[in-house]
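Now for the letters of each chain:
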Amino acid sequence: PELTERQRIQQQSLAAGSAHFNPAGLREWLATLQYPVWHLDFETMSPAIPLLDGTRPFQKVPFQFSVHVQDRAGDEPTHFDFLATEPGDPRPVLIGALGQIGKVGSVLAYNAPFEIGVLRGLGKAFPEHAGFCEGIVTRMRDLLEPFRSFHLYHPDQRGSCSIKAVLPAFTSMTYSDLQISEGQQAAREFERAVHGRSDDREQVLADLRAYCAQDTRAMVALLDEVHEYAK
């Protein structure tokens, strides 16, 4: 059978040992961004037995976010974040902390439907903030798109567009030196340290901050790569 276009890109990229890139496609996607760009990532817990009043089993409850903001393309970003550190519902304070995102500029996520779902869940749970949350949703763009569309592909991705496959393919960054390195582990450690009993609570909180910040720092690095390959 004939290869699909994406299979052909993978084959040619692997044979060449270098990245495939479509500058026109990358520029078209970049044209949808408005600076400043706010790189956003949430971490959520979804326990089978709800920990919070008014939540249902397996409901995604955000307890943390990280934002890196770039005023212009290629700028060194500034960072702010939020992490709940005490038992109780983290969402009202988290919503307030999201107010640090300015009213102008695109809000970028990697696999944006997840962040959109979290924001709309917050708006549903707290109707008084629904307009604010939906306002962020309307500004969201998805950094996954140029990789999912194969406008940019590296053979080291091995066919995966996961950020953990894409990041080391295009940059020197990895998650290998982090104590917490994936979302489900982050949720388990948060529940253990904040809602349970833990002798290493402060270390876990520090590890959670490092992991979530790595996600948005990774997005900054990948967006910089998209700009480079779009030239």
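Residues numbered from 1 in each chain as written. Predicted model: local features only at pLDDT ≥ 70, side-chain atom pairs only at ≥ 80, totals over all residues. Heavy atoms only, no water.

**A closer look at helix α7 (residues 163-170)**
Phase 1 of the analysis: α7 sits mainly inside the fold: six of its eight residues count as buried.
Phase 2 of the analysis: Listing the buried residues of α7 in full gives I163, A165, V166, L167, A169 and F170.
Phase 3 of the analysis: Its buried side turned inward, α7 meets α6 (145-148), β7 (152-153) and α9 (201-230). (Buried < 20%, exposed > 50% of the residue type's maximum accessible area, 1.4 Å probe, protein only. Helix = DSSP H or I, 4+ residues; strand = E, 2+ residues; numbered from the N terminus. Contact = heavy atoms within 4.5 Å.)

**Structural notes on the nonpolar core**
Phase 1 of the analysis: In this structure, F65, L98, Y110, L143, F147, L208 and L222 are the most contacted members of the largest nonpolar core, which totals 68 residues.
Phase 2 of the analysis: By residue number, the principal contributor to this core is α9, which donates 11 residues.
Phase 3 of the analysis: Apart from residues lying up to four places away in sequence, L208 is in contact with F63, Q64, L83, I180, A186 and F190. (Core = buried A, V, L, I, M, F, W, Y, C linked by side-chain atoms within 4.5 Å.)

**A closer look at the packing of aromatic side chains**
Phase 1 of the analysis: Going through the model one piece at a time under the given rule, you end up with 11 aromatic pairs.
Phase 2 of the analysis: Between W38 and F80 the ring centres are 6.4 Å apart and the planes differ by 65 degrees, which places this aromatic pair in the edge-to-face class. Placement of W38 in strand β2 (residues 37-45) and of F80 in strand β4 (residues 78-83) is noted, with a sequence separation of 42 residues between them. There is no split in this pair, since W38 and F80 are both buried.
Phase 3 of the analysis: Each ring, one from F65 and one from F80, has its centre 6.3 Å from the other, and the planes form 90 degrees; the classification is edge-to-face. (Phe/Tyr/Trp six-rings, centres within 6.5 Å; stacked < 30°, edge-to-face > 60°.)

**Quick look at unusual backbone geometry**
Phase 1 of the analysis: Cis peptide bonds are those with omega within 30 degrees of zero, and the linkage from Y35 to P36 qualifies with 0 degrees.
Phase 2 of the analysis: Of note, P36 is situated in the loop between α2 (23-30) and β2.
Phase 3 of the analysis: With a phi close to 70 degrees, N111 is a non-glycine residue in the positive phi region.
Phase 4 of the analysis: Take N111: it is sitting in the loop between β5 (107-109) and α4 (112-125).
Phase 5 of the analysis: Exposure remark for N111: the relative accessible area of 36% places this residue in the partly exposed category.
Phase 6 of the analysis: Backbone geometry places R158, a non-glycine residue, at a positive phi of 55 degrees.
Phase 7 of the analysis: Secondary-structure assignment places R158 in the loop between β7 and α7.

**Things to note about the packing of helix α3 (residues 91-98) against α4**
Phase 1 of the analysis: Interhelical geometry of α3 versus α4 gives an angle of 120 degrees and a closest axis separation of 11 Å. By the criterion of interaxial angle, the relationship of α3 to α4 is oblique. The two elements α3 and α4 cross, and the hand of that crossing is left-handed. Across the interface between the two elements, R91, L94, I95 and L98 from α3 touch L119, L122 and A125 from α4.
Phase 2 of the analysis: Here the contact of α3 with α4 is built from residues that sort into six nonpolar, no polar and one charged. (Axes fitted to C-alpha atoms, helices over the stretch in contact; angles between N-to-C directions. Parallel < 35°, antiparallel > 145°, perpendicular 65-115°, else oblique. Left-handed = near helix turned anticlockwise from the far one by under 90°. Nonpolar A, V, L, I, M, F, W, Y, C, P; charged D, E, K, R; others polar.)

**Looking at the pattern of salt bridges**
A pair can form between side chains of opposite charge whenever their charged atoms are brought close.
Phase 1 of the analysis: Under the defined criterion, the tally for this structure stands at 13 salt bridges.
Phase 2 of the analysis: For E145, the salt bridge goes to R148, with nearest N and O atoms at 2.6 Å. Of the two residues, E145 and R148 are both situated in helix α6; the distance of three residues between them amounts to about one turn of the helix.
Phase 3 of the analysis: In this structure E145 comes out as partly exposed when scored by relative accessible area, which is 28%. (Salt bridge = Lys/Arg side-chain N within 4 Å of Asp/Glu carboxyl O.)

**Overview of the environment of L40**
Phase 1 of the analysis: Here L40 is to be found in strand β2.
Phase 2 of the analysis: A residue is classified by how much of its surface remains accessible, and L40, at 0% relative accessible area, is buried.
Phase 3 of the analysis: Setting aside its immediate chain neighbours within four residues, L40 contacts F65, S66, V67, L98, V107, L108, A109, E115, M140, T216 and M219.

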